[in-house]
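Listed below, chain by chain, are the residues.
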Amino acid sequence: IEREQGKPAAEALAAEILPSLDALQHLSAHAEDLLHDDAVEGAQLLHAHKEARIVHAPIGVVLAVKPWNYPWAQSIPVVASALVAGNTVLLKPAPATTLIGLRLGALARKAGFPAGVLSVLATDDAVAAALVEDPRVGKIVFTGSVATGKKVMAAAAKNLTPVVLELGGKDPAIVCRDADLDRAAKGITWAAFLNAGQTCASVERVYVEKPVAAAFLAKVLEETRKVRLAGTSGGGDMGPLTLERQRRIVEEHVADAVAKGARVLTGGAAPAGPGFFYPPTVLVDVDHTMTIMREETFGPVLPIMEVASLDEAIRLANDSPYGLTASGWTRSGETQRRLQRE
């Protein structure tokens, strides 16, 4: 994971290996209970004399198309859940993390899986379209971009193949005037720069109420400047971006923001040398005319927008075609419930 995807070893352990082990342990403990037949009591008079059960039956072949940002942690829970339910799995890893996918297949063989129970197909994304349209596939689990997710859903519709899609986001954080600023700064900084920002649930935009904006920003800058870029030999806190094209997207988003009036307070330029590194970057004076506030950046950039009120923060947080995660930072139970609701 460190060599092919780019996470430092400690982050690979914390964000990929340990969560996967936790998922396996959970399935081992609870799969039997989850999969047993459930009796259903007839609630309608017409069915009162009938006996009914919910029976969990295998689907057949589950096609798992998994991404390059968390190639291990995104694959293991899906593969294990499908297998424990009695299915076979065809895993298609992302081209950028093919070796990690092949390693997973090798581990399955080492563990004694019969041939064909877990197959790993290392192929270019262009070939994946044929897999999605194959009528022998019983279910598709896809993680990736919204644009590709739409194509997967349209292709699956030809055979009425059920799909599970986990797509991109432009995840907002709202920092309220009564927030614990130390905790908010630490949490949001971590959530923005984990895996070099290449996390669909990363914090990608922040709205902070004006009375605490300066103090919050100072704490964010303090936390951001602690983040050390890893070297080409590993170590450090934050690795490189996995793909050169991803770094170009980050550079384009930052350049667009600066051209429209944003200021870079730290970071903002790729370092010289090997690897697709980009430093942790904080932007201010941002608004919704900028791409950085509207499209998924998927990189280590944290744009922070000062707002006059909680009403404005909620309106702007909702001003997005994406939906995935959001966070609110407050000490008030009433505000907490409002954020959850709105």
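Figured I'd write up the structure that's included with this text. (Residues numbered from 1 in each chain as written. Predicted model: local features only at pLDDT ≥ 70, side-chain atom pairs only at ≥ 80, totals over all residues. Heavy atoms only, no water.)

## Let's talk about the sheet that holds strand β10 (residues 263-266)
Phase 1: Taken in spatial order, the six strands make up an open sheet running β10-β11-β12-β9-β8-β13, and their pairing is mixed. The open sheet has two edge strands, β10 and β13 (327-329), and neither has a second partner. Here the strands of the sheet are splayed against their neighbours by 25° on average, with no regard to which way each runs.
Phase 2: The pairing of strand β9 (residues 205-209) with strand β12 (residues 301-307) spans four bridges and is parallel. Across the sheet, the residue bridging to glutamate 209 is valine 307, located in β12. (Pairing = 2+ DSSP bridges. Helix = DSSP H or I, 4+ residues; strand = E, 2+ residues; numbered from the N terminus. Axes fitted to C-alpha atoms, helices over the stretch in contact; angles between N-to-C directions.)

## Examining the packing of aromatic side chains
Two measures describe an aromatic ring pair: the distance that separates the ring centres and the angle between the ring planes.
Phase 1: Counted under the stated rule, the structure contains one aromatic pair.
Phase 2: For the ring pair tryptophan 68 and phenylalanine 298, a centre distance of 5.6 Å and an interplane angle of 85° mean the geometry is edge-to-face. Of this pair, tryptophan 68 sits in the loop between β3 (61-65) and α2 (76-84) while phenylalanine 298 is found in the loop between β11 (281-284) and β12, placing the two residues 230 residues apart along the sequence. Judged on exposure class, the residue tryptophan 68 and its partner phenylalanine 298 are both buried.
Phase 3: Over the ring of tyrosine 70 we find lysine 7; its NZ or CZ atom is 4.1 Å from the centre of that ring. (Phe/Tyr/Trp six-rings, centres within 6.5 Å; stacked < 30°, edge-to-face > 60°. Buried < 20%, exposed > 50% of the residue type's maximum accessible area, 1.4 Å probe, protein only. Lys NZ or Arg CZ within 6 Å of the ring centre and 35° of its normal.)

## Let's talk about the environment of alanine 214
Phase 1: Inspection of the secondary structure puts alanine 214 in helix α7 (residues 210-224).
Phase 2: Note: C-alpha distance between alanine 214 and leucine 91 (123 residues apart in sequence) is 48 Å.

## Description of the pattern of salt bridges
Phase 1: This model, assessed by the stated rule, comprises 17 salt bridges.
Phase 2: Three or more residues are tied together by salt bridges with common partners; here these are Asp311, Arg338, Arg341 and Glu342. (Salt bridge = Lys/Arg side-chain N within 4 Å of Asp/Glu carboxyl O.)

## Here we look at the environment of arginine 53
Phase 1: Along the chain, arginine 53 turns up in strand β2 (residues 52-54).
Phase 2: Along the sequence, arginine 53 and threonine 143 sit 90 residues apart, while their C-alpha atoms lie 33 Å from each other.
Phase 3: Setting aside residues up to four positions removed in sequence, arginine 53 forms contacts with Asp37, Asp38, Ala39 and Val40.
Phase 4: There is a polar contact of 2.8 Å between the side chain of arginine 53 and the side chain of aspartate 37. (Contact = heavy atoms within 4.5 Å. Polar contact = N/O pair within 3.5 Å; in protein donor to acceptor, adjacent residues only side chain to side chain.)

## Quick word on the sheet that holds β3
Phase 1: Strand order in the open sheet formed by five strands is β5-β4-β3-β6-β7, and the pairing between neighbours is parallel. Since the sheet does not close on itself, it has two edges, and those belong to β5 (118-120) and β7 (163-166), each with one partner. Recorded for the sheet is a direction-independent mean angle of 15° between the axes of neighbouring strands.
Phase 2: In terms of strand pairing, strand β4 (residues 88-92) meets β5 through three bridges, oriented parallel. Bridge pairing links leucine 91 to valine 120 in β5.
Phase 3: Most of the contacts of helix α3 (residues 98-110) go to β5, to which it runs at about 150°, and overall it touches β4 and β5.
Phase 4: Sheet contacts for helix α4 (residues 125-132): β3, β4 and β6 (137-143); angle to β4, the most-contacted strand, approximately 155°.

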